[in-house]
Amino acid sequence: MLSLPSTDQDLRCPGFCDCRFPSCIDIANHKRNIPDLVTCCCGEDSGNGLQWQWHQAEESDAQVIGRDIVFHPTYSQGTAIVRGEQPLQQDKVHFWEMRVITVLAGTDVMFGIGTGSVNLEQFKFHFVSALGTNAQSWGYSYNGKIQHCGDQLPYGQKFSQGCLVGIYLDRTRGHLEFFLNRRSLGVAYTNIPTDPHVKIYPMVCSTAARSVIRLINSTSQPATLQLRAFESLAKQPQKLDELRQMPGLKSIMQSYWFLAPPVRYSRCSTNLDLDLGDEAVLSSSKLRLGRKQKYRETDDVSIDEDLYANAHKIPVRRNDSGDEEYASSIHEFCDEYFYNLL
């Protein structure tokens, strides 16, 4: 029996959830705000809200309506670029997620970052893959490719309506990583400027008329020892689950939710064989090896095995006389544990 060839639609990653999204006919017949057609809020309860939103440029052919960007509201005659309202600080890590509200089509729709030198109006009358055309921006396309300095490389699966696109930017290390339906696609670039004088903004661009992108989560956290410890723990789901059961850690765990984001609704076939540890924040193979060697488990595994039984009864250090000392608070206990982990 002959099998039919796969269509482009078959090769696209399915949406994050089973919620209904507007069809092209719905959008064509809708005379009011397109975002009003979508009630899906799946995944929006995972993060800490929005720490920044989109910037509305006066001359842009894109309309910002709250969390939503409506590109080319009437018809498209080129490429519109929208950036965040504030730069992403150099001493922090940043994670944000966007939901694709409409079917993506046309020359390109891209998600990424750019410096303050990016001319948002440069391609207003040209249909191009705008993010990553030069050294001032980095982009991830709905066709599954990434681009920087005009070089396009295969990176992930094609995606469209209903998908969640996540971006993880570590400005202290200069690493940029993309997520699709909350599954890491691996570090895409390691050449993001770490100079605090270089302003970096989140950006989205589209050539498609009446295409809509919604910002659902945006968070920034200082690159502290605590965060680095959680990065390491994110690769150990069992340890994370145990930490979640400890009193006093709920707010801390919520602050770092993006290091192991829940994937309740994901059906993407790209990484079906990965567990939660693989889906967390991944680095390049070289860095993973270095971390594995640096953060290898100690011979005294009883620390990890007994740690969660009763935090206040576990010695965290020895004094000059060799006597055991105990944590006076849950925060001191956490600090000592994270230090020992690293």
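Quick note: structure is the one above.
Residues numbered from 1 in each chain as written. Predicted model: local features only at pLDDT ≥ 70, side-chain atom pairs only at ≥ 80, totals over all residues. Heavy atoms only, no water.

## What to know about the packing of aromatic side chains
Inspection of every chain in the model, using the stated rule, returns 13 aromatic pairs. Here W52 and W54 contribute two aromatic rings whose centre-to-centre distance is 5.3 Å and whose plane-to-plane angle is 75°, an arrangement assigned as edge-to-face. The exposure class assigned to W52 is buried, which follows from its relative accessible area of 2%. Both rings, one in Y140 and one in Y155, keep their centres 5.5 Å apart while their planes meet at 80°; by these two values the pair is edge-to-face. Taken together, the residues Y140 in strand β6 (residues 137-141) and Y155 in the loop between β8 (151-154) and β9 (164-170) connect sequence positions 15 residues apart. Judged by relative accessible area, Y140 falls into the buried class, the value being 0%. For Y155, a relative accessible area of 17% corresponds to the buried category. Taken together, F95, Y168, F179, W257 and F258 form an aromatic cluster joined through their ring pairs. Sitting over the ring of Y201, R83 keeps its end group 3.9 Å from the ring centre. (Phe/Tyr/Trp six-rings, centres within 6.5 Å; stacked < 30°, edge-to-face > 60°. Buried < 20%, exposed > 50% of the residue type's maximum accessible area, 1.4 Å probe, protein only. Helix = DSSP H or I, 4+ residues; strand = E, 2+ residues; numbered from the N terminus. Lys NZ or Arg CZ within 6 Å of the ring centre and 35° of its normal.)

## A closer look at the sheet that holds strand β1 (residues 62-65)
Strand order in the open sheet made by the seven strands is β1-β2-β13-β4-β9-β10-β11, with antiparallel pairing throughout. The sheet is open, and its two borders are formed by β1 and β11 (183-189), each paired with just one other strand. Taking the axes of each pair of neighbouring strands and ignoring which way they run, one obtains an average angle of 25° across the sheet. The pairing of β1 with strand β2 (residues 68-71) spans four bridges and is classified as antiparallel. Of the residues in β2, the one forming a bridge with I65 is D68. Sheet strands in contact with helix α3 (residues 225-233) are β4 (92-100), β9 and β13 (211-222), and its direction is about 130° off that of β9. (Pairing = 2+ DSSP bridges. Axes fitted to C-alpha atoms, helices over the stretch in contact; angles between N-to-C directions. Contact = heavy atoms within 4.5 Å.)

Read these as geometric descriptors, not functional statements.
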